[in-house]
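# Residue-level structure breakdown
Each chain is listed here by its residues.
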Amino acid sequence: MRQVLRRPAIALSACVLAFALAVALAAPWLPLPDPTAMAASPYEPPGAQHLLGTDNFGRDILSRLVWGTRLALMVAIVSSLISSLLGIVLGSLSGYFGGWVDGIASRTFDVFLLIPTFFLVLLIVALFGSGIQYTMLAIALTTWPRSARIMRSQVLTLKSRVYVQAALSAGASHSRVLARHIVPNGLAPIVTDGTILMGLAILTEAGLSFLGLGDQNATSWGRMIFEGQRHLRLAPWMSIFPGLALLILVAALNLLGDGLNQALNPQLQRQSLRAKRHEPVDRVHAPQAAVPILDVRDLRMEYRLEAATIRAVDGVSFSLSAGGSLGIVGESGCGKSSMGAALLQVMAPNAAITGGDVAFAGRPMLADGRPVRIDGVEAIRAIRWTRLSTIFQSAINALNPVMNVQQQLIEAYLLHRPEAGRAAALARIGDLFDVIGIPRRRMASYPHELSGGMRQRVMIALSLLHEPELVIADEPTTALDVLIQDQILGEIDALRRRLGLALILITHDMGIVAESCERVAVMYAGEIVELAPTERIFERPGHPYTQALIASLPTVSGPRRVLSALPGEPFVPAGDIVGCRFAPRCRMAADICRSTVPPRVKTGEGHEVLCHFAEAAR
Amino acid sequence: MRLRRYVLLRVLQFVPVTFVVIVLNFLLIHLAPGDISLLLAGENADPAYLALVREKFGLDKPFLEQLWRYLIQIGSGDLGLSFRSRQPVLDEILEKVPATLLLVGTSLTLSVAIGTWIGTWIARRPGSTLDSAVSFAAVALFSVPVFWFGLMLILLFTVEIPILPAMGMTSLDGPRSGPGYILDIARHMVLPVAALMTVSVGQYVRLARTSVADVLGEHFITTVRAIGFPERTVLHHYALRNALLPVVTVLGLQLGLVLTGAVLTETVFSWPGLGRMIYEAILARDTPVIMGAFIVMSLTVALASLITDLVYAALDPRVAL
């Protein structure tokens, strides 16, 4: 609650509403003239006697404004209350019982939602006469489907919850379950929408009064503007002030609803979290010969979250020679995908590279955590997709859903080869599809029309479009079944050898790296804890974490053994870190592990381990 | 094939809406106090016409037969005669459509264009001060009572600084054809269009902002960035195209509010359209015209929703699976 009130928009509108409510309740006791008394002289401008002036009958405008608040709030509260009650009852019945009840009910909601409120209100008032009660009823009658729809979807999600099922199996009746367990838990969005509904009700009543159809006996802001309209030139204050009052009250309601909606909806909040990023640094390009295709030194990247800053990549160094292949293995959340994103310099808005150097074929891409610019252009731009490309995890999300795959590939091709033309692009894509094994007739399909395996193949074709020198494959087969997984990994491996490209394969599966990578880096909590040639790491794993990962692999050929799963939760690299990050889960952990950061120990040719006991394990 | 089925299904859904609107109208007439024939024919109708109306609506017949006759009657486009002009209501309404269409069409087009442009612009930096300020202004904007805002525009641009006309669609002594005529109408349109835009422009700003920010957070945007598309192309070609889909759907849902705004705006500016006609019908207690307007407005909104759904289906290949 306190958190919610801390948002300025909510606090401000809550104050306005509290003030309006206080004024409305206190109206009879305030030292104001009778709002209907035609006591003063007409058309008196705002002044000491009458703060907001008088109208054409000599009535005090401030007093009428205060009494108008009563009417506005009554209309708002009564009509939105009736509307929400109707909506809650019908919406929860429809969602709870489902089936044909729901079918009919939700069709009814849809139909009623299409009826424009104001015109129905006009008709009702024209037929029944202009009583305030008809106005409120008519507003409720046309707006209830809003709350009904919200309630229905709330109930649909709530009714499968464990506590609801538990209550039902304990023998509680439907009505009791609905009233006790479901409706109270689903009310929050109804309340939010209710505030917006209140604003709508006030504006509807005001509009009606402005057309001269309001309650003749009530003091309404809309009616005041209606009367002021004819004297706009002579006494503009007659219309200015009630309009301002309307604007302020309705805006307060809308802002409150909007603010509550954002506070209740964490997803909307997360959007606004942004990490501060470093400015680019300018460099002159000096070509070098015979260097690794990728050289990464002490790369660091952080995510800014509400509660903390997570150091997802925390000092990672490795290098990869042209045509080589490196597997990066670790549990989900260990920072392996973040590292891939940092290498490509495409990160979520709340992520930022905070340190490290990256060089691609000798060209600096990142210097001391800052993107490098050569001749005013960011260096990464010069290599994106033409020399460095990537295969993303789930192709269904990584491809544009509303564009067919052929078009997406054509645009990516023409971006880097604008002179080639559409025909050349199509020819290249056709060839690639042949290589990857996608029938050419599927070229014009949309992503959702393809199978998971096909989509992933399209993603691979996309990554190979410009014959890059390095491909970063981020869990390229995670979303697929085992058979397709093997097929696609085999294809990637074959392509790599044939085209001579270098590959970084990011995965959680030790088994996958064993088949397709020359070297393996094991990541844990943002760090590379072990780096070694693949054969060696399987023969002599140096880090207890690596050993656990290998032990969890099932083998078909070797001796039968119990598969061991690693107990405990992964370490979250945030705040001050003391000792070894893996210590809490490590079977070998000793006192030194909990107090001192482990050293990086070289245990053999190209083999390094981040562990106090690396030598011992050897 | 699937698309054709979707279109057919969606068009069929238009039927229950029409049915509900007409039945609602019928029930309201029967629930209203007073003689039904007087409501339908007018309070000072001559006895012969009154008898004709009784006969036509079968007012001495059982309730359900009356409903059936009413459905047939309205369904065939016969909305009765206006009290005042003795003209068929439908003709009266159709005569006023162009003026309202001009007003509503212009302000909606401008709202969508300007709102989307501003929304897209601030979506690039969600959470910034600018974003908060614009979002705040957008909420305030759709809280403005449109009729009051119209009056304030008149006060400012016609009374204080007399540069724009505030009444009607054309000048009394203005040209009746050629570019001068168009210019005259355009001048008359400025204030009402500006007033009516307040109803919707704020909504589009917010919608475009949320929608673009959502799309910018999707994985495929990361893909196009990794491919190396410049940020401008990412925003305008990829993000905006996908983000516009929800804007399209809201266009239909918004129309009810915009038409409401049009009635009030036309009243303020004496714009010779449907809104003005409804206002005058209310003053004269011309019930058939008010009922006709309710039916026509409801069906227009339903039709708009149908059209936007179909446009959406055409734009988004994922629909209709």
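Residues numbered from 1 in each chain as written. Chains lettered and ligands numbered in written order. Predicted model: local features only at pLDDT ≥ 70, side-chain atom pairs only at ≥ 80, totals over all residues.

## A short note on the interface of chain B and chain A
Contact residues are listed per partner, giving 61 residues for chain B and 59 residues for chain A. Counting residues per element, the side of chain B that touches chain A draws most heavily on helix α13 (residues 287-315) of chain B, which supplies 10 residues. Per-class residue counts for the side of chain B that touches chain A are 42 nonpolar, 14 polar and 5 charged. (Contact = placed C-beta atoms within 7 Å. Helix = DSSP H or I, 4+ residues; strand = E, 2+ residues; numbered from the N terminus. Nonpolar A, V, L, I, M, F, W, Y, C, P; charged D, E, K, R; others polar.)

## Regarding the nonpolar core
With 271 residues, the main nonpolar core has Ile202(A), Ala461(A) and Ile290(B) as its most contacted residues. With residues up to four places along the chain from it excluded, the contact list for Ile202(A) reads Ala72(A), Val75(A), Ala76(A), Leu246(A), Leu249(A) and Val250(A). (Core = buried A, V, L, I, M, F, W, Y, C linked by C-beta atoms within 7 Å. Buried ≥ 20, exposed ≤ 12 C-beta atoms within 10 Å, placed from the backbone.)

## Quick look at unusual backbone geometry
Residue and element names in this part refer to chain A. In this structure, Glu-475 is a non-glycine residue whose phi angle is positive, near 45°. Tracing the chain through its elements places Glu-475 in the loop between β10 (470-474) and α19 (482-499). Given 20 C-beta atoms within a 10 Å radius, Glu-475 is considered buried. At Ala-525, a residue that is not glycine, the phi angle is positive and equals roughly 50°. Among the structural elements, Ala-525 can be located in the loop between β12 (519-524) and β13 (527-533).

## Observations concerning the domain arrangement of chain A
Looking at the assigned domains, one finds that chain A contains domain 1 (2-266), domain 2 (294-538 + 545-553) and domain 3 (539-544 + 554-618). A separation of 62 Å is found between the C-alpha centroids of domain 1 of chain A and domain 3 of chain A. (Domains from an automatic or database assignment.)

## Quick notes on the sheet that holds strand β14 (residues 600-604) of chain A
All names here are of chain A. Reading across the sheet, the 8 strands line up as β9-β10-β11-β4-β12-β13-β15-β14 and stay open at both edges, with mixed pairing between neighbours. With partners counted over all chains shown, the strands left at the sheet margins are β9 (388-391) and β14, one partner each. The average undirected angle you get between the axes of adjacent strands in this sheet is 20°. Summarising the sheet, β14 and strand β15 (residues 607-610) pair through 4 bridges and their orientation is antiparallel. Considered in β15, the bridge of Val-601 is made with Val-609. Across the face of the sheet, helix α13 (residues 336-344) comes into contact with β4 (325-329), β9, β10, β11 (502-507) and β12 while running at roughly 150° to β10. (Pairing = 2+ DSSP bridges. Axes fitted to C-alpha atoms, helices over the stretch in contact; angles between N-to-C directions.)

## Comments concerning the environment of Leu432(A)
All names here are of chain A. Position of Leu-432 among the secondary structure elements: in helix α17 (residues 422-436). Along the backbone, Leu-432 and Val-458 are 26 residues apart, and their C-alpha atoms lie at a distance of 9.3 Å. Beyond its immediate stretch of four places on either side in the chain, Leu-432 contacts Ala-461, Leu-464 and Leu-465.

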